[in-house]
Structures are given as structure tokens and as C-alpha cells.
Amino acid sequence: MEDRVRFALEKLLNIAHDDTGQGRRVANFLLAWWNAEALGGFDIADLFAVDREVSEDMATIFTYLAREEDAVYPTDYRGEIESIIKRWRPETE
């Protein structure tokens, strides 16, 4: 993962911990990447409900994923993702 992608991901992970509408939308985006079937999808219209910088970070991640030949998951950030799951999807535990 390139530095610019890692930086975007880390910013999004931080936002996903916030108890705000933007935090929830970012969490939805990240959790859809982690496991959409179990954790829910991401409504593309939510891009209009986050700050421009946040939507650009999401686009960075999406572009990164689109360019990969195989499925890639943020396993290096498993602990962060699990924390986001506990916060936003406690019913799945």
C-alpha cells in the first residue's frame, strides 16, 4: 500500500471512531470494504454528506482497490476495524 493510500486510510479510521453522522458514514464505507455481507453496505449518496476531504480520501481508497488485481483488505488495521465494528455494529459480535 502506497503512503498516500495508507495516509487516507488512517485518516478515515480516525474519523470512523467519531460519534457523528460523518463518522457513521465513514464507518459504513470501511465496514463495507471489510465485509459488506456481514456488516452492511455503503450508500454511494453518503459521499454528498461528508466533507470534501473525506470524500477524496474515500476516492483514494476506492481507486487503490480498483487497481489491485486481487481482493485486498486492511488486515494490518484489524484491531482498528474491530473497534469500529464494536462501536457501530455491536449486534454482530
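Preceding block: the structure.
Residues numbered from 1 in each chain as written. Predicted model: local features only at pLDDT ≥ 70, side-chain atom pairs only at ≥ 80, totals over all residues. Heavy atoms only, no water.

1. With respect to the packing of helix α1 (residues 3-16) against helix α2 (residues 21-39)
Between two packed helices, what matters for the description is the angle formed by their axes and the separation of those axes.
Phase 1 of the analysis: Running from N to C, α1 and α2 cross one another at 125°; their axes reach a closest spacing of 7 Å. Taken together, the axes of α1 and α2 lie oblique to each other. The two elements α1 and α2 meet at a crossing, and its hand is left-handed. Between α1 and α2, the contacting residues are L9, L12, L13, I15 and A16 on the first element and Q22, G23, V26, A27, F29, L30 and W33 on the second.
Phase 2 of the analysis: Residue composition of the contact of α1 with α2, by class: 10 nonpolar, two polar and no charged. (Axes fitted to C-alpha atoms, helices over the stretch in contact; angles between N-to-C directions. Helix = DSSP H or I, 4+ residues; strand = E, 2+ residues; numbered from the N terminus. Parallel < 35°, antiparallel > 145°, perpendicular 65-115°, else oblique. Left-handed = near helix turned anticlockwise from the far one by under 90°. Contact = heavy atoms within 4.5 Å. Nonpolar A, V, L, I, M, F, W, Y, C, P; charged D, E, K, R; others polar.)

2. Digging into the packing of aromatic side chains
Phase 1 of the analysis: What the rule picks out here adds up to one aromatic pair.
Phase 2 of the analysis: Between the aromatic rings of F29 and F42, the centroid separation amounts to 5.3 Å while the plane-to-plane angle is 80°, which identifies the pairing as edge-to-face. Placement of F29 in helix α2 and of F42 in the loop between α2 and α3 (52-67) is noted, with a sequence separation of 13 residues between them.
Phase 3 of the analysis: We note R87 situated over the ring of W88; from NZ or CZ to the ring centre the distance is 5.5 Å. (Phe/Tyr/Trp six-rings, centres within 6.5 Å; stacked < 30°, edge-to-face > 60°. Lys NZ or Arg CZ within 6 Å of the ring centre and 35° of its normal.)

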